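Observations on chain architecture
Residue-level listing of the chains:
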Amino acid sequence: MKQITSIQNSFIKSLVQLQEKAKARKQSGTFLIEGKREIELAIKGKYELETILFLPELISESEINKLTKKQIELIEINKEVYQKLAYRDTTEGILAIAKTKSLALSDLNLPNNPLILVMESIEKPGNLGAMLRTCDAANVDAVIIANPKTDLYNPNIVRSSVGCLFTNQIATGSTEDVIKFLKDKNIAIFGATLQNSNFYHIQDYTIPTALIVGTEATGLTQAWRDNATQNVIIPMQGEIDSMNVSVASAILLFEAKRQRGF
């Protein structure tokens, strides 16, 4: 088995670039995953793993084989190399190099009556990761990111989503392309915005539904407001007029799930 014990190793340096640079991830078509749970979810999500690096004092080769259920290249590393690559302190001593997936709208496999969350221009990886967790909890049919502002395989998103990046069906596209995609499939568009809105809980989400949320700073762009089947609002009873986008998404999604009988 191959062993690497130097952080100056050229392969290790290339993996550091994968962690730090979206450009490196895009060029190689790969990214790093940390932790047993995250790797297990990636496998369930049909992500292809190329290589696993592990710290033998924290996880054994037999444990890895049980996790992956097939032969994958294993590289034994030491603590110094692991700490150089690991994005957080406690991830069971295991990292995987995985291939990215196509994020084309045309690749989405939707049921007859889908429930979709569309996020427009969400910049903060923590928010995006939290929303992916909510989408997994609500078992939505697809997540679409319109006008993405951050690389989906950013390690912050992998971490904050606790692996739910891999359990959701995800696509990206421009706002214009996403609107056309939804309209072509006769999916009702409910935009979460203050302008020309009705209360969210009086809408019918039992039909093919896309819930659209935007950034807290600027909200949805005019294109969504103009093309919405109905704009919706969550009534505020305090002094502020909006809430964290991940919280708003959860409220909207679980109202839709309630109407659909979960």
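Okay, so let's go over this structure. This structure is a prediction, so every number in the text was calculated from the model and none was measured. (Residues numbered from 1 in each chain as written. Predicted model: local features only at pLDDT ≥ 70, side-chain atom pairs only at ≥ 80, totals over all residues. Heavy atoms only, no water.)

1. Thoughts on the packing of helix 6 (residues 125-138) against helix 10 (residues 245-259)
Across the interface, helix 6 lies against helix 10 with an axial gap of 9 Å and an inter-helix angle of 15°. Between helix 6 and helix 10, the crossing angle belongs to the class labelled roughly parallel. Relative to helix 10, helix 6 is oriented so that their crossing is right-handed. Contact residues: helix 6 offers Asn127, Ala130, Met131, Thr134, Cys135, Ala137 and Ala138, while helix 10 offers Val245, Ser246, Ser249, Ala250, Leu253, Phe254 and Lys257. Residue composition of the contact of helix 6 with helix 10, by class: nine nonpolar, four polar and one charged. (Axes fitted to C-alpha atoms, helices over the stretch in contact; angles between N-to-C directions. Helix = DSSP H or I, 4+ residues; strand = E, 2+ residues; numbered from the N terminus. Parallel < 35°, antiparallel > 145°, perpendicular 65-115°, else oblique. Left-handed = near helix turned anticlockwise from the far one by under 90°. Contact = heavy atoms within 4.5 Å. Nonpolar A, V, L, I, M, F, W, Y, C, P; charged D, E, K, R; others polar.)

2. What to know about the pattern of salt bridges
A side chain of one charge can pair with a side chain of the opposite charge when the charged atoms of the two come close. Taken as a whole and judged by the stated rule, the model has five salt bridges. Lys99 is paired through a salt bridge with Glu48; the nearest N and O atoms lie 3.5 Å apart. Of the two residues, Lys99 sits in strand 5 (residues 94-99) while Glu48 sits in the loop between helix 3 (36-44) and strand 3 (49-54), which places them 51 residues apart along the sequence. Look at Lys99 and you get partly exposed, because its relative accessible area is 32%. A salt bridge links Lys180 to Asp184, with the nearest nitrogen and oxygen atoms 2.7 Å apart. Residue Lys180 and its partner Asp184 are located together in helix 8 (residues 175-184), separated by four residues, close to a single helical turn. (Salt bridge = Lys/Arg side-chain N within 4 Å of Asp/Glu carboxyl O. Buried < 20%, exposed > 50% of the residue type's maximum accessible area, 1.4 Å probe, protein only.)

3. Overview of the sheet that holds strand 1 (residues 2-4)
Note on sheets: strands pair through backbone hydrogen bonds, and any given pair is parallel or antiparallel. Spatially, the five strands line up as an open sheet ordered 1-4-3-5-2, and their pairing is mixed. Here the strands that pair on one side only, and so sit at the sheet edges, are strand 1 and strand 2 (30-34). Between one strand and the next, the sheet's axes are offset by a mean angle of 25°, whatever the strand orientation. Here helix 1 (residues 10-20) sits on the sheet and contacts strand 1, strand 2, strand 3, strand 4 (73-77) and strand 5; the angle it forms with strand 2, its principal contact strand, is near 85°. (Pairing = 2+ DSSP bridges.)

Such coordinate-based values are descriptive only and should not be taken to indicate function.
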